[in-house]
Amino acid sequence: MKPSTRPANPNFSSGPCSKRPGYEISSLNLTTLGRSHRSAPGKKALEKACLETASILDLPTGYRVGIVPASDTGAMEMAMWSLLGARPVDIFYWESFGKGWLTDIEQQLKLDNVRSFSAPYGHLPDLGLADPDHDIVFAWNGTTSGVRVPDGDWISADRGGLTICDATSAVFAMPLPWEKLDVVTFSWQKVLGGEGAHGILILSPRAVERLEHWTPPWPLPKIFRLTKNGKLNEGIFKGSTINTPSMLCVADYLDTLAWVRSLGGQSATIARCRQNLAVIETFVAENSWIDFLAGDPATRSNTSVCLVLELDDERLSAMVRLLDEQGVAHDIGAYRDAPAGLRIWCGATVEKSDLELLMPWLEWAYQHTKEHC
Ligand SMILES: Cc1ncc(COP(=O)(O)O)c(C=O)c1O
């Protein structure tokens with residue numbers, strides 16, 4: 001039977017992700033638009049974005065939050081270009097974005113003291129192989145496989161190396177062990193449904209110490225430069241961005257942060273993601289033709305939920321198209337490099353009620369494509 005009710009919001013993309021419930025572009029505070037980002041109101045808005053992020057995430061004392069160019073990729077590459085080379089590197093990857101960081105390290109930075117640990121889609125490599133004296137690079141949540149690290153227990157508390165963590169699809173959705181993470185990056189376009197273009201770079205005091213005592217042997221473009229005369233450019237972490245940001249994106253991000261506050265903070269957004277995942281878990285438990293790509297439930301993402309179905313690739317594409325055309329679910333096909341399947345975003349801006357409404361449509365679209373395509 002074709003369901004009669006569609007999700008109120010059919011946006012289940014894994015990035016840019018759905019805007020928050022109740023989002024109205026007209027209610028953004030746009031007083032900074034058309035002004036210099038270095039004007040008093042411009043700087044204040046940028047600084048507020050940094051301070052509010054630190055406060056909501058409850059970062060340890062001494063951790064700095066900066067706004068940098070080029071979304072999560074910009075933040076990660078800036079960190080790797082500025083920090084790597086001082087020690088051997090261990091990189092762990094299990095999907096496309098993590099593999100991209102390996103390409104940067106081996107083919108662009110041309111580091112030779114690198115150990116890489118990988119696993120096929122759906123699995124994690126053996127994190128226990130991490131050497132605490134090496135720098136460790138990894139993504140907390142593999143957005144294209146729906147596999148995340150379960151915790152930070154595998155990271156040594158008294159490590160000598162730095163941990164550089166791409167947490168773009170994890171921050172605000174999963175608790176992170178901040179004391180174990182020296183560099184964390186994310187983009188506004190993910191769990192809070194903000195905009196792309198700007199990245200957030202979080203540095204621990206140990207990362208700052210490395211920056212101030214290590215000069216990489218390769219050239220650093222201006223937009224990657226975190227130090228001035230051997231000292232951290234503290235301005236970046238107080239709202240003096242390296243180059244011109246979009247104040248519209250900043251206003252949008254401040255709106256998302258105010259929404260998080262109104263819900264009760266980070267614990268509320270994490271709870272929303274968990275409840276969203278639970279809707280899909282219930283559905284999968286009841287239907288034998290669909291399963292999680294993540295082999296181990298402890299590694300199951302509660303943001304980018306990746307599912308495999310008993311359908312060939314052609315029918316799967318037809319199913320994804322059908323749900324899109326029906327106005328039920330947009331952009332839920334698996335990432336292009338991942339195994340064919342569905343990827344349904346369950347981040348904080350997605351309403352549980354919409355996922356509940358989506359589930360019977362999945363069943364209908366599956367049966368429909370199986371029989372008619
Ligand atoms: C794990 C991960 N890293 C990096 C990126 C790239 O993010 P951006 O396009 O915001 O730079 C993504 C985007 O989906 C991602 O999921």
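This text goes with the structure placed above it.
Calculation notes
Residues numbered from 1 in each chain as written. Predicted model: local features only at pLDDT ≥ 70, side-chain atom pairs only at ≥ 80, totals over all residues. Heavy atoms only, no water. Buried < 20%, exposed > 50% of the residue type's maximum accessible area, 1.4 Å probe, protein only. Helix = DSSP H or I, 4+ residues; strand = E, 2+ residues; numbered from the N terminus. Pairing = 2+ DSSP bridges. Core = buried A, V, L, I, M, F, W, Y, C linked by side-chain atoms within 4.5 Å. Axes fitted to C-alpha atoms, helices over the stretch in contact; angles between N-to-C directions. Parallel < 35°, antiparallel > 145°, perpendicular 65-115°, else oblique. Left-handed = near helix turned anticlockwise from the far one by under 90°. Contact = heavy atoms within 4.5 Å. Nonpolar A, V, L, I, M, F, W, Y, C, P; charged D, E, K, R; others polar. Patch = residues over 30% accessible without salt bridge, like charges linked within 9 Å, V, L, I, M, F, W, Y side chains within 5 Å. Areas by Shrake-Rupley, 256 points an atom, 1.4 Å probe, with all protein chains shown as cover. Salt bridge = Lys/Arg side-chain N within 4 Å of Asp/Glu carboxyl O. Near = heavy atom within 4 Å. Polar contact = N/O pair within 3.5 Å; in protein donor to acceptor, adjacent residues only side chain to side chain.

## Some points on the pairing of strand β2 (residues 89-93)
For step 1, the next point in the chain: Most of β2 is tucked away: five of the five residues are buried.
For step 2, the next point in the chain: Neither face of β2 is left uncovered, since the one carrying Val 89, Ile 91 and Tyr 93 and the one carrying Asp 90 and Phe 92 both have all their residues buried.
For step 3, the next point in the chain: Inspection of the sheet shows β2 paired to strand β3 (residues 114-118) by five bridges, in the parallel sense. For Asp 90, the partnering residue across the bridge sits in β3 and is Arg 115.

## Notes on the nonpolar core
For step 1, the next point in the chain: Within the largest apolar cluster, 86 residues are counted, with the highest numbers of intra-cluster contacts made by Phe 138 and Leu 362.
For step 2, the next point in the chain: Leu 84, Val 89, Leu 211 and Phe 224 belong to the second-largest nonpolar core, a separate cluster that totals 34 residues.

## Describing the packing of helix α7 (residues 313-325) against helix α8 (residues 352-372)
For step 1, the next point in the chain: The interhelical angle for the contact between α7 and α8, taken along N-to-C directions, is 130 degrees, at an axis separation of 9 Å. In this view, α7 runs oblique relative to α8, as classed from their interaxial angle. Where α7 crosses over α8, the handedness of that crossing is right-handed. Across from Arg 315, Ala 318, Met 319, Leu 322 and Leu 323 in α7, the residues of α8 making contact are Trp 361, Leu 362, Trp 364, Ala 365, Tyr 366, His 368, Thr 369 and Lys 370.
For step 2, the next point in the chain: Tallied by class, residues from the contact of α7 with α8 come to nine nonpolar, two polar and two charged.

## Notes on the environment of Trp 140
For step 1, the next point in the chain: Tracing the backbone shows Trp 140 in the loop between β4 (135-139) and β5 (141-142).
For step 2, the next point in the chain: For Trp 140, a relative accessible area of 1% puts it in the buried group.
For step 3, the next point in the chain: In sequence terms Trp 140 and Pro 120 are 20 residues apart; their C-alpha atoms lie 16 Å from each other.

## A few points about a nonpolar patch on the surface
For step 1, the next point in the chain: A cluster of nonpolar side chains, contributed by Leu 30, Leu 33 and Leu 248, occupies part of the molecular surface with about 230 Å² of accessible area.
For step 2, the next point in the chain: With relative accessibility at 37%, the residue Leu 30 sits in the partly exposed group.

## Observations concerning the site of the ligand
For step 1, the next point in the chain: If you check the shell around the ligand, you find Ser 71, Asp 72, Thr 73, Phe 97, Trp 101, Asn 141, Thr 143, Asp 166, Thr 168, Ser 187, Gln 189 and Lys 190 and nothing else.
For step 2, the next point in the chain: At 2.4 Å, a side-chain N or O of Thr 143 approaches an oxygen atom of the ligand.
For step 3, the next point in the chain: Between a nitrogen atom of the ligand and a side-chain N or O atom of Asp 166, the distance comes to 2.6 Å.
For step 4, the next point in the chain: Summarising the interface, the protein chains cover 86% of the accessible area of the ligand, which totals 400 Å² for the free molecule.
For step 5, the next point in the chain: For the shell around the ligand, the element with the highest residue contribution is helix α2 (residues 71-83), accounting for three residues.
For step 6, the next point in the chain: For the shell around the ligand, a count of residues per class yields two nonpolar, seven polar and three charged.

Purely spatial values, then, with no claim about function.
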